[in-house]
Amino acid sequence: MLILVTGGAGFIGANFVIDWLENHDEPVINLDKLTYAGNRDSLASLANNSKHQLVVGDIGDRALLDTLLSQHRPRAIINFAAESHVDRSIHGPIDFINTNILGTFHLLEACRSYWQALPAAKKDTFRFLHVSTDEVYGSLEASDAAFTESNPFQPNSPYSASKAASDHLVRAWHHTYGLPVLTTNCSNNYGPLQFPEKLIPLVTANALAGKPLPIYGDGMNVRDWLYVGDHCSAIRRVLADGKLGETYNIGGWNEQPNIDIVHMICDLLDEMRPRVDGASYRQQITFVKDRPGHDRRYAIDARKIERELGWRPAETFASGIRKTISWYLEHQEWVERVTSGAYRQWIDTNYSERTSA
Ligand code: NAD
Ligand code: DAU
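Below is a short write-up of the structure. Fair warning: this is a prediction, and the values are worked out from it, not measured in the lab. (Residues numbered from 1 in each chain as written. Chains lettered and ligands numbered in written order. Predicted model: local features only at pLDDT ≥ 70, side-chain atom pairs only at ≥ 80, totals over all residues. Heavy atoms only, no water.)

Notes on the packing of aromatic side chains
And then number 1: In this structure the tally under the stated criterion is 17 aromatic pairs.
And then number 2: For the pair Tyr 36 and Phe 195, a centre-to-centre distance of 5.2 Å together with 85 degrees between the ring planes defines the contact as edge-to-face. Taken together, the positions of Tyr 36 in the loop between β2 (28-32) and β3 (52-56) and Phe 195 in the loop between β7 (188-190) and α7 (199-208) put the pair 159 residues apart, joining distant regions of the chain.
And then number 3: Residue class for Tyr 36 comes out partly exposed when judged on its relative accessible area of 24%.
And then number 4: For Phe 195, a relative accessible area of 5% translates into the label buried.
And then number 5: On the basis of an interplanar angle of 85 degrees and a centroid distance of 6.0 Å, the ring pair of Phe 105 and Trp 173 is categorised as edge-to-face. (Phe/Tyr/Trp six-rings, centres within 6.5 Å; stacked < 30°, edge-to-face > 60°. Helix = DSSP H or I, 4+ residues; strand = E, 2+ residues; numbered from the N terminus. Buried < 20%, exposed > 50% of the residue type's maximum accessible area, 1.4 Å probe, protein only.)

Following this line, the structure appears as structure tokens:
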């Protein structure tokens, strides 16, 4: 018995693989293209673990997929591989179309032929779990109810449109071909190993480097934040007992405006790593030009996964954000390594045109 994880050198995938091997004996084959967002360093703690094998490759490479499936005969596939950053999707959507849509298509097709040829007992227990996002549901007004699994898809960015397309493909492969799929739609994750292009690690890194903390628009966009370890445990629950063809929303019951998140990071840093001049990191906050098409609010109604699978997040935001900031303080070398080279160009592309508001 073995599972195949895709995108397991990225933020959530690496946390999932590490977490899986702490909780299971079952080996993991980890297929990752090692884009700018995928890092071997994130898997360093598994260097001597014979139950983990990293295969560098693309989910769009059908020949590679066929070889991996026939060689390793996984009992489940968990698909994390994606281009995941909204701002990058605005500057260059093609990679999002290629990986999130075409890549998912090739993965589904490879799985379909592998699954169809399995003996009956293995066919029944095989699972394809697709990891997706709450962004497929679009944007909420302040007074709207939180997203449920039956909300219509109304994606607004090239990223969320590409994820919505992949969710539709997964659904269709179940209804048309009977592929035993499960889909999860999760809110914003935070925690160790997140690439510092996303709000929480970016603000932390900029604060420590004495740089401005860029807040898009008025800072009142709202996200629901979930500690990454809780996302991993939710995926394990869905994989174990989720109903085939169903989707499960995963969230932290923790809606917060961006400006509050940034204030919290500054306050924690003031306490844990005070500035040499004694001033607060809040002084570095700078309001900048908004993200085009910036979704105002996401909120997840996570009652279905609680009712049907007994899952609720374990971490509070107060404890999770403290752990996260401590992790970044203790892993400055990881930050430096993953942000060297091409990342500097990205910062220039994304922030140079955003003059202070
Ligand atoms: P990430 O960008 O940190 O990691 C993505 C990983 O996928 C990287 O290791 C990258 O190398 C790999 N990858 C990219 N293209 C590939 C390809 N063609 N073939 C193989 N590997 C490829 O992303 P993340 O934040 O860890 O997100 C993982 C998944 O969870 C994504 O599907 C994302 O849409 C979803 N998700 C993320 C969040 C979040 O807050 N980060 C929330 C909900 C859902
Ligand atoms: O909701 C789930 C999604 O959460 C995932 O599907 C995505 O993969 C993940 O990247 C995340 O998307 P967001 O766009 O919400 O995350 P990001 O960290 O980029 O931004 C969070 C909020 O902070 C958003 O409202 C934009 C704002 N922001 C972001 C950056 C990078 C800023 O104000 N300044 C910034 O510099």
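Description of the pairing of strand β4 (residues 76-79)
And then number 1: Burial along β4 is two-sided: the residues Ala 76 and Ile 78 and Ile 77 and Asn 79 are all buried.
And then number 2: Both strand β1 (residues 3-6) and β4 contribute to a ladder of four bridges, which runs parallel. Bridged to Val 5 within β4 is Ile 78.
And then number 3: Bridging between β4 and strand β5 (residues 127-133) involves four bridges; their strand directions are parallel. In the sheet register, Ala 76 faces β5, and the bridge partner there is Arg 127. (Pairing = 2+ DSSP bridges.)

Looking at the pattern of salt bridges
And then number 1: This model, assessed by the stated rule, comprises 21 salt bridges.
And then number 2: Across the pair Arg 112 and Glu 109 runs a salt bridge, and its minimum N-O distance is 2.8 Å. With Arg 112 and Glu 109 both in helix α4 (residues 94-116) and three residues apart, this pair spans about one turn of that helix. Of the two residues, Arg 112 and Glu 109, neither departs from the other in class, the shared state being buried.
And then number 3: Taken together, the salt bridges that share partners define one network made up of Asp 41, Glu 333 and Arg 337. (Salt bridge = Lys/Arg side-chain N within 4 Å of Asp/Glu carboxyl O.)

Some points on the nonpolar core
And then number 1: Core analysis: the biggest nonpolar cluster contains 48 residues, and Ile 3, Val 5, Phe 16, Ile 78, Phe 80, Leu 129 and Ile 305 have the highest contact counts within it.
And then number 2: Sorting elements by how many residues they give to this core places helix α1 (residues 11-23) first, with eight residues.
And then number 3: Core analysis: the second largest hydrophobic core is formed by 25 residues, Leu 2, Leu 68, Cys 111 and Phe 126 among them. (Core = buried A, V, L, I, M, F, W, Y, C linked by side-chain atoms within 4.5 Å.)

Thoughts on the sheet that holds β7
And then number 1: Spatially, three strands are ordered β7-β9-β11 in an open sheet, and the strand pairing comes out mixed. Each having just a single partner strand, β7 and β11 (255-257) make up the two edges of the open sheet. Averaged over all pairs of adjacent strands, the angle between their axes in this sheet comes to 50 degrees, without regard to strand direction.
And then number 2: Inspection of the sheet shows strand β9 (residues 222-227) paired to β11 by three bridges, in the antiparallel sense. Looking across to β11, one finds that Val 222 is bridged to Pro 257. (Axes fitted to C-alpha atoms, helices over the stretch in contact; angles between N-to-C directions.)

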